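Commentary on secondary and tertiary structure
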Amino acid sequence: MQRDQDIWGNILNQLEDHINEHSFKTWFNDTTLVDIDGNDLHVQVPTKFYADYMNQNYTKLLAEISYALYKKKYSVRFSNVPLKRQRNNNGANYNGNNQSSKLNQKYTFDQFVVGKSNNFAHSASLAVAESPGTAYNPLFIYGESGMGKTHLMQAIAHFVTEVNDDLNIYYTTAEQFTNTMIEALKTKSMSSFRNKFRNIELLLVDDIHFLAGKESTQEEFFHTFNALYENRKQIVITSDRPLKEIHDLEKRLVTRFEWGLLADLKSPDFETRVAILRKKAENENIELQPDVIAFIAENIYSNVRALEGSLIRLLAFASYNNHDTIEIDTELARDILSDIVSEKVHEISLDLIMQKVCKLYGITPAQIFDKTRKKTIAFPRQVAMYLSNLLIPNIPLRQIAHYYKRKDHTTVLHAKKMIEIQFRTDNKLRIQIEMLIKEIKNQ
């Protein structure tokens, strides 16, 4: 382990030459390397807030530094949960080597802010947690990305495990379920796969819409569902859209999902947004004046994740400008969040953004909508998707994807990630993005 600590120490020493002193102290003084697994470095930080920000902003730079030092790129992952701890504070199974069993320790009912937009889904989730297999089975929670579906799902797991930590609970995503099944087919171990999934007492599956169009996986999940349901085992499922909007999902699966309760999550209202901001700020020891919280709540209303993102912006501003604490008034908050808070933002449309991007990069609308992956077309399309998500409040990611004739919202998430990564290091792109934002807002 000493050699591992030396690797992390050397990377940090090089990092000090790449970022300013105050940023280094703010983000990296309290980091602890807990494990190196191949090329993966697992680093513990004080809070989830820190983990989210650092995973978003520093992993690429750290990979480049590690390559310069050791001729291989280490993938650094920050987490506020100790990797080798077998159970978290709520008793939920936590195995660092099993991605399917990992639960976020902050995704509990206590940390979920209840309002008019989510009260029904919250009540249903709590009822399931208190009486799994009998209250509502299955429970199908749906809503746009960032509304709290995963939070509620994992809160059920935490609650159930706290009552009975011997219960066989399994949390996964539809994509992970698919990948696990594919691996079982390759290794001719389907019998083991079926035995594993059909003997679970609480199965939680995120993003079930991922199964759309995957006939073999749907077939297997159908039989898994039947086996669990017939034995009165609880099933909880989430999706980013209502059942009727999940195309290419077999009718028999839709029918079974409808056997239970369908609960939707909508965009939080103003009072709920204020409560969310206060709770998040309190959890992360961020001091914000009531008028600043009200300003953010009035102007950022698409989803919970966007509200959390605004707090990260403010924390980052304090870090880069050498503030020991965040002391920001409404006008300063407006400046910091200017690209997502605009008096003209409601006038911005997908068409307008597409036209401006096409003009800048010298391509036609027909080209940007084409399925080609040529960089000269694909990159402008990613920029357009990124700006659509940034500048149009409350627009569903799948709406952006459909506009650009893409299959689902994951394409938009990928585009957003790619542009954000390049934005931090590519001065030319920063100038282009800033110019586009200015032109679009002043249209």
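Conventions we followed
Residues numbered from 1 in each chain as written. Predicted model: local features only at pLDDT ≥ 70, side-chain atom pairs only at ≥ 80, totals over all residues. Heavy atoms only, no water. Helix = DSSP H or I, 4+ residues; strand = E, 2+ residues; numbered from the N terminus. Buried < 20%, exposed > 50% of the residue type's maximum accessible area, 1.4 Å probe, protein only. Contact = heavy atoms within 4.5 Å. Areas by Shrake-Rupley, 256 points an atom, 1.4 Å probe, with all protein chains shown as cover. Phe/Tyr/Trp six-rings, centres within 6.5 Å; stacked < 30°, edge-to-face > 60°. Lys NZ or Arg CZ within 6 Å of the ring centre and 35° of its normal. Pairing = 2+ DSSP bridges. Axes fitted to C-alpha atoms, helices over the stretch in contact; angles between N-to-C directions. pLDDT = per-residue confidence, 0-100. Core = buried A, V, L, I, M, F, W, Y, C linked by side-chain atoms within 4.5 Å. Parallel < 35°, antiparallel > 145°, perpendicular 65-115°, else oblique. Nonpolar A, V, L, I, M, F, W, Y, C, P; charged D, E, K, R; others polar. Polar contact = N/O pair within 3.5 Å; in protein donor to acceptor, adjacent residues only side chain to side chain. Patch = residues over 30% accessible without salt bridge, like charges linked within 9 Å, V, L, I, M, F, W, Y side chains within 5 Å. Salt bridge = Lys/Arg side-chain N within 4 Å of Asp/Glu carboxyl O. Lys, Arg positive; Asp, Glu negative; His and termini not counted. Charge placed at Lys NZ, Arg CZ, Asp CG, Glu CD.

1. Looking at the overall build of the chain
Of the regular secondary structure elements, the chain holds 20 helices and eight strands. Every one of the 443 residues in the chain was classed for burial, and the buried ones make up 51%. A separation threshold of at least 6 residues defines the contact pool for the chain, and within that pool the share at least 24 residues apart is 73%. Summed over all atoms, the accessible surface of the chain reaches about 21700 Å², with 46% contributed by carbon and sulfur.

2. Some details on the packing of aromatic side chains
One pair of aromatic rings is described through two measures. These are the centre distance and the angle between the planes. A complete count under the given rule lists 25 aromatic pairs for this structure. Taking 6.1 Å as the distance between ring centres and 45° as the angle between the ring planes, the aromatic pair formed by Phe 140 and Tyr 142 counts as tilted. Ring geometry for Tyr 229 and Trp 259: centres 4.9 Å apart, planes at 45°, overall tilted. Note that Tyr 229 is positioned in helix 9 (residues 215–230) and Trp 259 in the loop between helix 10 (251–257) and strand 8 (261–265), a separation of 30 residues in sequence. In this structure an aromatic cluster arises from ring pairing among Phe 140, Tyr 142, Tyr 170, Phe 177, Phe 193, Phe 197, Phe 221, Phe 225, Tyr 229, Phe 257 and Trp 259. Positioned above the aromatic ring of Phe 210 is the side chain of Lys 214, whose terminal nitrogen or guanidinium carbon lies 4.0 Å from the ring centre. In this arrangement the basic side chain of Arg 252 is found over the ring face of Phe 222, its NZ or CZ atom lying 4.0 Å from the centre.

3. With respect to the sheet that holds strand 1 (residues 32–37)
If you trace the three strands from one edge of the open sheet to the other, you get 1-2-3, paired in mixed fashion. Two strands close off the open sheet at either side, each with one partner strand: strand 1 and strand 3 (75–79). Neighbour-to-neighbour, the strand axes of the sheet open up by a mean angle of 25°, direction not taken into account.

4. Some points on the confidence of the model for the chain
In this model, the chain carries a mean pLDDT of 82, and residues with pLDDT of at least 70 account for 88%. Predicted confidence in the chain is weakest over helix 13 (residues 304–320), with a mean pLDDT of 72, and strongest over strand 7 (residues 234–239), with 94. In the predicted structure, residues 84–101 sits below a pLDDT of 50 and forms 47 contacts with residues beyond four places in sequence or in another chain.

5. As for the nonpolar core
Counting residues in each nonpolar core, the largest one holds 48 residues, and the members touching the most others are Trp 8, Phe 28, Leu 62, Phe 78 and Ile 296. For this core, the leading source of residues is helix 13, giving six residues. Of all hydrophobic cores here, the second largest spans 34 residues; its members include Tyr 386, Ile 395, Ile 419 and Leu 436.

6. Quick look at the pairing of strand 4 (residues 139–143)
The buried count for strand 4 comes to five of five residues, which makes it a mostly enclosed element. With four bridges connecting them, strand 4 and strand 7 associate as parallel partners. Residue Ile 141 lies in a different strand from strand 7, and its bridge partner there is Thr 238. The pairing of strand 4 with strand 8 spans five bridges and is classified as parallel.

7. Digging into the pairing of strand 2 (residues 40–44)
Across five bridges, the pairing between strand 1 and strand 2 is antiparallel. For Asp 35, the partnering residue across the bridge sits in strand 2 and is His 42. The antiparallel pairing of strand 1 with strand 2 creates a hairpin that spans two residues between the two strands, and Gly 38 there sits at a positive phi of about 65°.

8. Comments concerning helix 3 (residues 48–57)
Judged by how many residues are buried, helix 3 sits mostly within the fold: seven of 10 residues are covered. Burial in helix 3 covers these residues: Lys 48, Phe 49, Tyr 50, Ala 51, Tyr 53, Met 54 and Asn 57.

9. Here we look at the packing of helix 17 (residues 375–391) against helix 19 (residues 410–423)
Their axes nearest at 8 Å, the elements helix 17 and helix 19 cross at an angle of 100°. Relative to helix 19, the element helix 17 is oriented roughly perpendicular. Here helix 17 contributes Phe 379, Gln 382, Val 383, Met 385, Tyr 386 and Asn 389 to the contact with helix 19, which in turn contributes Thr 411, Val 412, His 414, Ala 415, Lys 416, Met 418, Ile 419, Glu 420 and Gln 422. Taken together, the residues that form the contact of helix 17 with helix 19 break down as eight nonpolar, five polar and two charged.

10. Re the environment of Lys 196
Structurally, the position occupied by Lys 196 is in helix 8 (residues 190–197). What makes Lys 196 partly exposed here is its relative accessible area of 36%. For the pair Lys 196 and Thr 224, spaced 28 residues apart in the sequence, the C-alpha separation amounts to 9.9 Å. Only 3.1 Å separates the side chain of Lys 196 from the side chain of Tyr 170, close enough to count as a polar contact.

11. Looking at a negative patch on the surface
A surface patch of like charges, here negative, comprises Asp 291, Asp 329, Glu 331 and Asp 335. Along the chain, Asp 291 falls in helix 12 (residues 290–299). Judged by its relative accessible area of 44%, Asp 291 is partly exposed.

12. Some thoughts on the sheet that holds strand 5 (residues 169–173)
Adjacent strands of a sheet pair through backbone hydrogen bonds, lying either parallel or antiparallel. Strand order across the open sheet formed by five strands is 5-6-7-4-8, with parallel pairing between neighbours. The open sheet has two edge strands, strand 5 and strand 8, and neither has a second partner. This sheet shows a mean twist of 15° between the axes of neighbouring strands, independent of strand direction. Strand contacts of helix 6 (residues 149–163): strand 4, strand 5, strand 6 (202–206), strand 7 and strand 8, with the helix running at about 165° to strand 6, the strand carrying the most contacts. Sheet contacts for helix 7 (residues 174–186): strand 5 and strand 6; angle to strand 5, the most-contacted strand, approximately 95°.

13. Re the packing of helix 7 against helix 8
For the pair helix 7 and helix 8, interaxial distance at closest approach is 8 Å and the crossing angle is 145°. Of the residues in helix 8, those touching helix 7 at Phe 177, Thr 180, Met 181, Ala 184 and Leu 185 are Met 190, Phe 193 and Phe 197. Residues belonging to the contact of helix 7 with helix 8 are distributed by class as follows: seven nonpolar, one polar and no charged.

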